Amino acid sequence: MQTQNLSLHHIIRPSKLTEGKIPVLFMFHGYGSNEEDLFSFAAELPEQLCIISVQAPYPMQPYGNAWYAINYDAEQGKWSDEEQARSSRDKIVAFIDEACKAYNLDTNNVSLLGFSQGTILSYAVALSYPEKVKNVIALSGYINENILLEGYTNKNHANLNIYASHGSVDQVIPVDWAQKAPLFLNNLAINHVYEEFPVGHGVAPQNFYAFKKWLENKI
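These numbers come from a predicted model, not from an experiment. (Residues numbered from 1 in each chain as written. Predicted model: local features only at pLDDT ≥ 70, side-chain atom pairs only at ≥ 80, totals over all residues. Heavy atoms only, no water.)

**Concerning the nonpolar core**
Line of reasoning, step 1. One finds Phe 26, Ile 52, Trp 67, Leu 112 and Leu 127 to be the most contacted residues of the largest nonpolar core, which totals 50 residues.
Line of reasoning, step 2. Those elements giving two or more residues to this core turn out to be strand E2 (24-28), strand E3 (50-54), helix H2 (82-102), strand E8 (110-115), helix H3 (117-128), strand E9 (135-139), strand E10 (161-167) and helix H5 (181-187).
Line of reasoning, step 3. Setting aside anything within four residues of it in sequence, one finds Phe 26 in contact with Ile 52, Val 54, Phe 95, Ile 96, Ala 99, Cys 100, Val 110, Ser 111, Leu 112 and Leu 113.
Line of reasoning, step 4. With 18 residues, the next largest nonpolar core counts Met 27, Phe 41, Phe 115 and Leu 215 among its residues. (Core = buried A, V, L, I, M, F, W, Y, C linked by side-chain atoms within 4.5 Å. Buried < 20%, exposed > 50% of the residue type's maximum accessible area, 1.4 Å probe, protein only. Helix = DSSP H or I, 4+ residues; strand = E, 2+ residues; numbered from the N terminus. Contact = heavy atoms within 4.5 Å.)

See below:
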């Protein structure tokens, strides 16, 4: 499968399926990383999936990319550019439609896998547009209500499944931010799993095997 020139730069591992509807997993990396990062998981994930790892649209110096800027200010401390985050949310939604059409993928079997900032965006896309997403794997991130689409609570989230996990000693995103997700998801009646692992800001091997098994049962 040849990579096409779409609105966001990406790399692909094609599905092994040769006929029928092809499920797809989109990967969204963390702040300062790139599309190669999560793609290292691809070889271990179900062969029927088409895997598309996406590069965030905002380049950083000297390298890496971001879904939105994180600024450090003496008065305000650390703050995120939420306008830019909402713009990235919409860029991802448009890209999902574009990629599904370009690569002939099943729009009813779309999964998202995010890490850190990529998880924050995956949550934003899935909770804002649940009609477009079936499964979310949310690694080392949290739900930022400020970047969700206005009126998202009125949407039908019944078909959405979420696997969330966090490191219990995460030094980048506090674990208590992630721990708010289960109550939030319960309030929307979203089917979900939340797990913690004794690691920092990363994905432990047992975490990988846990979400892999979860995904195999959902696609």
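**So, the pattern of salt bridges**
Line of reasoning, step 1. Scanning the model with the defined rule gives 4 salt bridges in all.
Line of reasoning, step 2. The residue Arg 89 makes a salt bridge to Asp 90 at a minimum N-O spacing of 3.0 Å.
Line of reasoning, step 3. Of the charged contacts, one joins Asp 97 and Lys 132 as a salt bridge, the two residues approaching to 3.0 Å between their closest N and O atoms. In this pair, Asp 97 is assigned in helix H2 and Lys 132 in the loop between H3 and E9, connecting sequence segments 35 residues apart.
Line of reasoning, step 4. In this structure Lys 132 comes out as partly exposed when scored by relative accessible area, which is 24%. (Salt bridge = Lys/Arg side-chain N within 4 Å of Asp/Glu carboxyl O.)

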